[in-house]
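So the chains spell out like this:
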Amino acid sequence: MTIRHMKIFVSVYQAQSITRAAEQLHMTQPAVSRAIQELEHYYGVCLFERIGRRICSTESAARLYAQALHIIETLDSMEKGLRDWDEFGVLRVGATITLGNFLLPELAERFQQRHPHLQLRAVVSNGAQLSQHLLENTIDLALIEGSILLPQLVSEPFSGDHLQLILPPGHPLSERKSLSLEELAEEPFLLRERGSAGREFLDHVFAAHQLPLTPLWESASTQAIIKAVGAGLGVSFLPEKLVSQAIAEGSVRTVPIENEPFCRTHHIVYHRHKFLTQSAREFIALCHEMEASADVMEP
């Protein structure tokens, strides 16, 4: 029995007429009759007795109808749920630490205004863990500082930032107008953990200059690093937005790096074979909208 057979049977049973059922289903009478005959032949029962030009449902038809009606209602409800998924479903979004702190909350607020009944679930973690979530399909898309170089993932640029060197206020180099990376090579570094987007970026930059980068501290907490730098335990590179307040308060100092702006591009990342719902595409478009509005506000 196919769903098509079941729907035709229910219509005939309710109308008690092949003709009226065919009109309701926008089918020909022979097609409706043939579907009923196929059911009767397959199950070896008589569903409708033909008396002259009229049909009468049998006890077998009554028993089938009681169950078929609920099956069709369940199917219709399932189909409606699938069609309405963009308005009443779930969108799972990941973000790295900086973007999770400074971009995702505003994105989520704007997105929920447009889709008040859709549930937005968020995960804030490092880039390596978010990549694994994408590969395992436990999130739909991720906002990642820098980029992800995995063939299974699509990485779409949408904004950027730059990392700033931070030093303790009394550090001998803190009064300099600029520094070279070579001058920092012997300093004790306090850095994010391996797997974070910021750490991978720094590893790449220092390797490109053939300089060692062996941190004294590794931490998943940017605030712990900022406080440790302020306490004179070492120096660090962190995203500008995460250190701007500490710099303004004077708890840490910053000095530009010569010939190395430490700029990076952020990306929206999703699996290459992921089906992006309309709501997911709208979330991506909203990321670009916010990037454009931020550019307009730049002095």
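Our subject is the structure that appears above.
Quick caveat, the model's predicted, so the values are computed rather than measured.

(A) Representation of the environment of Val-10. When you line up the elements, Val-10 lands in helix 1 (residues 3–15). Taking the C-alpha atoms as reference points, Val-10 and Ala-21, 11 residues apart in sequence, are found 9.0 Å from one another.

(B) Focus on the pattern of salt bridges. What the rule picks out here adds up to 13 salt bridges. One salt bridge connects Arg-110 with Glu-106, and the closest N-O pair in it is separated by 2.8 Å. Within this pair, Arg-110 and its partner Glu-106 are both found in helix 7 (residues 104–114), separated by four residues, close to a single helical turn. The class for Arg-110 is partly exposed, based on a relative accessible area of 28%.

(C) Structural view of helix 8 (residues 127–135). Within helix 8 the residues assigned to the buried category are Gly-127, Leu-130, Ser-131 and Leu-134. Angular distribution of buried residues about the axis of helix 8 spans 105°; they occupy a single face of the element. For helix 8, the secondary structure elements touched by its buried residues are strand 3 (90–95), strand 4 (119–124), strand 5 (141–144), strand 6 (153–167), helix 10 (197–208) and strand 11 (263–271). Two or three places before Ala-128, at the opening of helix 8, Asn-126 has a side-chain oxygen 3.2 Å from that residue's backbone nitrogen. Once helix 8 ends, the next one or two residues include Asn-137, with phi positive near 60°.

(D) Layout of helix 10. Between its first and last C-alpha, helix 10 extends 17 Å over 12 residues, near the 16 Å set by a 1.5 Å rise per residue. Within the sequence span of helix 10, burial applies to Ala-197, Gly-198, Arg-199, Phe-201, Leu-202, Val-205 and Phe-206. Gln-210 occupies a position one or two residues after helix 10 and carries a positive phi of about 55°.

(E) Representation of unusual backbone geometry within the structure. Its identity is not glycine, yet His-26 carries a phi of approximately 60°, on the positive side. Tracing the chain through its elements places His-26 in the loop between helix 2 (18–25) and helix 3 (29–43). His-26 gets classed as exposed once you look at its relative accessible area, which sits at 74%. Not every positive phi belongs to a glycine, and Asn-137 is a case in point at roughly 60°. Relative to the elements of secondary structure, Asn-137 occurs in the loop between helix 8 and strand 5. A relative accessible area of 40% places Asn-137 in the partly exposed class.

(F) Region of the structure containing the side chain of Arg-264. By the secondary structure assignment, Arg-264 is in strand 11. Among the polar contacts made by the side chain of Arg-264, one reaches the side chain of Glu-145 at a distance of 2.5 Å. The residues contacting Arg-264, other than those within four sequence positions of it, are Thr-98, Glu-145, Gly-146, Ser-159, Gly-160, Asp-161, Leu-163, Ala-197, Gly-198, Phe-201 and Pro-239.

(G) Just the environment of Ile-3, in detail. Relative to the helices and strands, Ile-3 resides in helix 1. For the pair Ile-3 and Ile-72, spaced 69 residues apart in sequence, the C-alpha separation works out to 7.8 Å.

(H) Geometry of the nonpolar core. In this structure, Leu-91, Leu-107, Leu-143 and Phe-283 are the most contacted members of the largest nonpolar core, which totals 23 residues. Examining the composition of this core, we find that six residues originate from one element, helix 13 (residues 278–297), more than from any other. Not counting the four nearest positions on each side in its chain, Leu-107 is found in contact with Leu-143, Phe-283, Leu-286, Cys-287 and Met-290. In terms of nonpolar packing, the next biggest core, distinct from the first, is built from 21 residues, Leu-213, Phe-237, Ile-257 and Phe-262 among them.

(I) Broad picture of the packing of helix 1 against helix 2. Where helix 1 meets helix 2, the axes come as close as 8 Å, and the angle between the chain directions of the two elements is 130°. By the angle class used here, helix 1 and helix 2 are oblique. The crossing of helix 1 and helix 2 is right-handed. Across from Ile-8, Ser-11, Val-12 and Ala-15 in helix 1, the residues of helix 2 making contact are Ile-18, Arg-20, Ala-21, Gln-24 and Leu-25. Residues belonging to the contact of helix 1 with helix 2 are distributed by class as follows: six nonpolar, two polar and one charged.

Parameters at a glance
- Residues numbered from 1 in each chain as written.
- Predicted model: local features only at pLDDT ≥ 70, side-chain atom pairs only at ≥ 80, totals over all residues.
- Heavy atoms only, no water.
- Helix = DSSP H or I, 4+ residues; strand = E, 2+ residues; numbered from the N terminus.
- Salt bridge = Lys/Arg side-chain N within 4 Å of Asp/Glu carboxyl O.
- Buried < 20%, exposed > 50% of the residue type's maximum accessible area, 1.4 Å probe, protein only.
- Arc of directions from axis to C-beta.
- Contact = heavy atoms within 4.5 Å.
- Polar contact = N/O pair within 3.5 Å; in protein donor to acceptor, adjacent residues only side chain to side chain.
- Expected span 1.5 Å × (residues − 1).
- Core = buried A, V, L, I, M, F, W, Y, C linked by side-chain atoms within 4.5 Å.
- Axes fitted to C-alpha atoms, helices over the stretch in contact; angles between N-to-C directions.
- Parallel < 35°, antiparallel > 145°, perpendicular 65-115°, else oblique.
- Left-handed = near helix turned anticlockwise from the far one by under 90°.
- Nonpolar A, V, L, I, M, F, W, Y, C, P; charged D, E, K, R; others polar.

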